[in-house]
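Coordinates in review
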Amino acid sequence: MIKTDCEIELHERKTLYDYQSRDINAIFDRMDNTPHNYHLLYQLPTGGGKTVIFSEIVRRYLENHNKKVVVLTHRIELCKQTSKMLDSFEVKNKIINSKVKELPDQNEYSCFVAMVETLKNRLNDEKLQIENVGLVIIDEAHYNSFRKLLSSFKNSFILGVTATPLSSNINLPMYENYKELIVGDPINKLIQNGFLAKATTYSYDVSLSSLKVGITGDYTVKSSEELYSQLDMQSKLLHAYEEKAKGKKTLIFNNGINTSLYVHDTFKKAGIAVRHLDNTTNAEERKAILKWFKHTPDAVLTSVGILTTGFDEPTVECIIINRATKSLTLYFQMIGRGSRRLPNKTDFSIIDLGNNAARFGLWNDPIDWQHIFKSPEYYLENLRSDADIEINFRYEMSSEVRELFKNSTTLDFDIEEEFKQVLSKNLRPKVVIDKSIDQHAEMCVDNSESLNEAKNLAKHLSEDIEYRVKIFTRCLANSTKNYREWLIDDYKTRLQLAVGKLFRERLFAED
């Protein structure tokens, strides 16, 4: 029987790995050689054992100091996981959650685990004495909710822990709250040494021109829903799953509840074992769904947001990012859900349907966290734009569509080369589109026995048409988005007319 991640952590990870011991020693070196109120940030990839590391730090700190420790988290699930891990290190601790209104037994504990808002309320109510807190550990330190509590621990050593030392708010950079960053082993080294599973990424090009960026700096849910709920995007998702992940335990991340529900229906109609989960799912139902997901080998779980942190199911074999994001942190969090390694699991798959790998790089690519920590504005400003990414897209007709046009000897059409030829002959640029339509019409007629069949075949060329128009308008250099959209619609209308004309011409020629 495969042990769960939690069981592995609770019973086997008391013996620290070499890289964990090294980093712990480095952190204590800062504690011993810096002011007592020093602010230190520590980075380690998801799956590297951050909770194990700071639990050992708490244990060792309490052994050598007559002071208390506070561990801050931003979610109740993380509170519970952290408390259990501290228990396994024989650290007596108390969770301060919304149910805890009084703290009469606080002198019996040297360590408290708390959510930010709850602790803030208890401090305001003067229910907790904090004068003797020597160490404050902030888990998932890139979230800015912790800033409001820092003033309450002016005389404490602050240790922030995160996989991505990039603030969730660009206006509140982390270097304003932390003096220094210690970087742990990178992902590729943890893979090489057998601590993380190896990832294979499959990217499917998606045009994101319709997406809008909100005040948070990321794509809005509304614009994402409009794009990813479309039938062609649902078809692309299902095709990607069946091509690269069929039969694998798969976790799908979406940016919107409606999208996730559409995904659920699409997969269910395809006969795939699937469940949907979002933040409106009640606790009992969520528990049942996660239990089903754990014990179903080929399960597919489509979700929105809530499984990015505080969720560990090491048997996940494939992560599908069915959304685009501008958040580096979210990108790593989503992929991290599949990176856990097991004795019978040494690799996993990533299916990217949001150009995220093109934007941030592959999950295991080297990344300069010190540079990002010191110059987050520079890093974010120099991320590849959607337009820059999409300029390099090359449409490749799927094998299913190619099969529909198997009687045609040529399926490709070089728009750029035709454009050069047309200009060299002083012809109108629109001649390129005319030739392209003629070639598409021939493909449809060559592979049909009736006019209706030919016209229906033309509908399978939508992606090819959009790609050809995109290349054509790029050759024009000064075309607008509205013109491109009009040209696509006009192309499809003219293609239907061209198919009808060509079919009738061939019919008359035969007669």
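The secondary structure content of the chain amounts to 22 helices and 13 strands. With the principal axes as the frame, the chain shows a C-alpha extent of 100 × 50 × 45 Å. Taken across its 511 residues, the chain has 52% of its residues classed as buried. Intrachain contacts of the chain at a sequence separation of at least 6 include 74% that bridge at least 24 residues. Put simply, the chain has 69 plus and 72 minus side-chain charges, and the middle of one group is 3 Å from the middle of the other.

Right, let's get into the sheet that holds strand β9 (residues 250-254). Read from one edge of the open sheet, six strands run β8-β13-β12-β9-β11-β10, paired in parallel fashion. With partners counted over all chains shown, the strands left at the sheet margins are β8 (198-203) and β10 (274-277), one partner each. Ignoring which end each strand starts from, the neighbouring axes of this sheet average 20° apart. Both β8 and strand β13 (residues 347-352) contribute to a ladder of six bridges, which runs parallel. Bridge assignment links lysine 198 to a residue of β13, and that residue is aspartate 347. Here helix α11 (residues 283-295) sits on the sheet and contacts β9, β10 and β11 (300-304); the angle it forms with β10, its principal contact strand, is near 145°. Sitting on the sheet, helix α12 (residues 328-336) is in contact with β9, β12 (318-321) and β13, with an inclination near 150° to β12.

Within the secondary structure layout, serine 339 lies in the loop between α12 and β13. Residue classification places serine 339 among the buried residues on the basis of a relative accessible area of 0%. Leave out the neighbours within four places in its chain, and serine 339 touches Thr46, Leu196, Ala197, Phe348 and Trp363.

Below, the discussion takes up the nonpolar core. The biggest cluster of nonpolar side chains holds 91 residues, and the ones touching the most others in it are Ile57, Leu159 and Trp363. Beyond its immediate sequence surroundings of up to four residues, tryptophan 363 is in contact with Ile187, Ile191, Leu196, Ala197, Ala199, Tyr331, Phe332, Ile335, Ser339, Phe348 and Ile350. The next biggest cluster of nonpolar side chains, apart from the first, holds 33 residues, and it includes Val422, Val432, Val469 and Leu495.

A word on the pairing of β10. Here β10 pairs with β11 via four bridges, running parallel. Its bridge partner being in β11, arginine 275 is matched across the sheet by leucine 301. In this fold, the crossover linking β10 to β11 by way of α11 has right-handed handedness.

Strand order in the open sheet made by the seven strands is β3-β4-β2-β5-β6-β1-β7, with parallel pairing throughout. Across the chains shown, the open sheet's two edge strands, defined by having one partner strand only, are β3 (93-96) and β7 (180-183). The mean inter-strand angle of the sheet, taken between neighbouring strand axes irrespective of direction, is 20°. Here strand β5 (residues 133-139) runs beside strand β6 (residues 157-162); their pairing, made up of five bridges, is parallel.

Moving on, we get to unusual backbone geometry. Phi is mostly negative for residues that are not glycine, and the peptide bonds are mostly trans. Although it is not a glycine, glutamate 90 adopts a positive phi angle of roughly 60°. As for its placement among the helices and strands, glutamate 90 is situated in the loop between α4 (76-88) and β3. Residue asparagine 355 is not a glycine yet carries a positive backbone phi of 60°. Along the chain, asparagine 355 turns up in the loop between β13 and α13 (356-360). In this structure asparagine 355 comes out as buried when scored by relative accessible area, which is 5%.

For the rest of this paragraph, the subject is the confidence of the model for the chain. Residues of the chain with pLDDT of at least 70 account for 95%, and the chain-wide mean is 89. Under a pLDDT of 50 for its full length, residues 1-13 has, in the predicted model, 23 contacts with residues more than four places off or in other chains.

Turning to helix α10 (residues 257-269), a few remarks are in order. Its 13 residues place the ends of α10 18 Å apart at the C-alpha level, agreeing with the 18 Å of an ideal helix rising 1.5 Å per residue. Buried residues of α10: Thr259, Ser260, Val263, His264 and Phe267, and no others. Viewed end-on, α10 has its buried residues packed into an arc of 145°, placing them on one side of the element. Turned more than 90 degrees away from the buried face of α10, the exposed residues are Lys268 and Lys269. The elements touched by buried residues of α10 are α8 (221-228), α9 (231-244), β9, β10 and β11.

Turning next to the packing of aromatic side chains. The full count for this structure, using the stated rule, is 12 aromatic pairs. What links up through ring pairs into an aromatic cluster is the set Tyr331, Phe332, Phe360 and Trp369. We note lysine 92 situated over the ring of tyrosine 109; from NZ or CZ to the ring centre the distance is 5.2 Å. A cation sits over an aromatic face here: lysine 249 above phenylalanine 293, 5.5 Å from the ring centre.

What follows is about the packing of helix α3 (residues 50-64) against α4. With their axes 9 Å apart at the nearest point, α3 and α4 run at an angle of 55° to one another. Judged by the inter-axis angle, α3 sits oblique to α4. Crossing handedness for the pair α3 and α4: right-handed. Facing α3, whose interface residues are Thr51, Val52, Phe54, Ser55 and Val58, α4 presents Thr82, Met85 and Leu86. Grouping the constituent residues of the contact of α3 with α4 by class yields five nonpolar, three polar and no charged.

We now examine helix α20 (residues 451-459). Burial in α20 covers these residues: Ala454, Leu457 and Ala458. Down the axis of α20, the buried set is contained in an arc of 105°. They therefore lie on one face. Residues of α20 that are exposed and point over 90 degrees away from its buried face: Asn452 and Lys459. Along its buried surface, α20 packs onto α17 (399-404), α19 (430-446), α21 (462-476) and α22 (481-510).

A separate point is the environment of serine 398. Structurally, serine 398 is set in the loop between α16 (386-390) and α17. Accessibility expressed as a relative area gives 23% for serine 398, which makes it partly exposed. For the pair serine 398 and isoleucine 182, spaced 216 residues apart in sequence, the C-alpha separation works out to 46 Å.

What counts, and where the lines are drawn
Residues numbered from 1 in each chain as written. Predicted model: local features only at pLDDT ≥ 70, side-chain atom pairs only at ≥ 80, totals over all residues. Heavy atoms only, no water. Helix = DSSP H or I, 4+ residues; strand = E, 2+ residues; numbered from the N terminus. Buried < 20%, exposed > 50% of the residue type's maximum accessible area, 1.4 Å probe, protein only. Contact = heavy atoms within 4.5 Å. Lys, Arg positive; Asp, Glu negative; His and termini not counted. Charge placed at Lys NZ, Arg CZ, Asp CG, Glu CD. Pairing = 2+ DSSP bridges. Axes fitted to C-alpha atoms, helices over the stretch in contact; angles between N-to-C directions. Core = buried A, V, L, I, M, F, W, Y, C linked by side-chain atoms within 4.5 Å. Right-handed = clockwise from strand over helix to strand, strands pointing away. pLDDT = per-residue confidence, 0-100. Expected span 1.5 Å × (residues − 1). Arc of directions from axis to C-beta. Phe/Tyr/Trp six-rings, centres within 6.5 Å; stacked < 30°, edge-to-face > 60°. Lys NZ or Arg CZ within 6 Å of the ring centre and 35° of its normal. Parallel < 35°, antiparallel > 145°, perpendicular 65-115°, else oblique. Left-handed = near helix turned anticlockwise from the far one by under 90°. Nonpolar A, V, L, I, M, F, W, Y, C, P; charged D, E, K, R; others polar.

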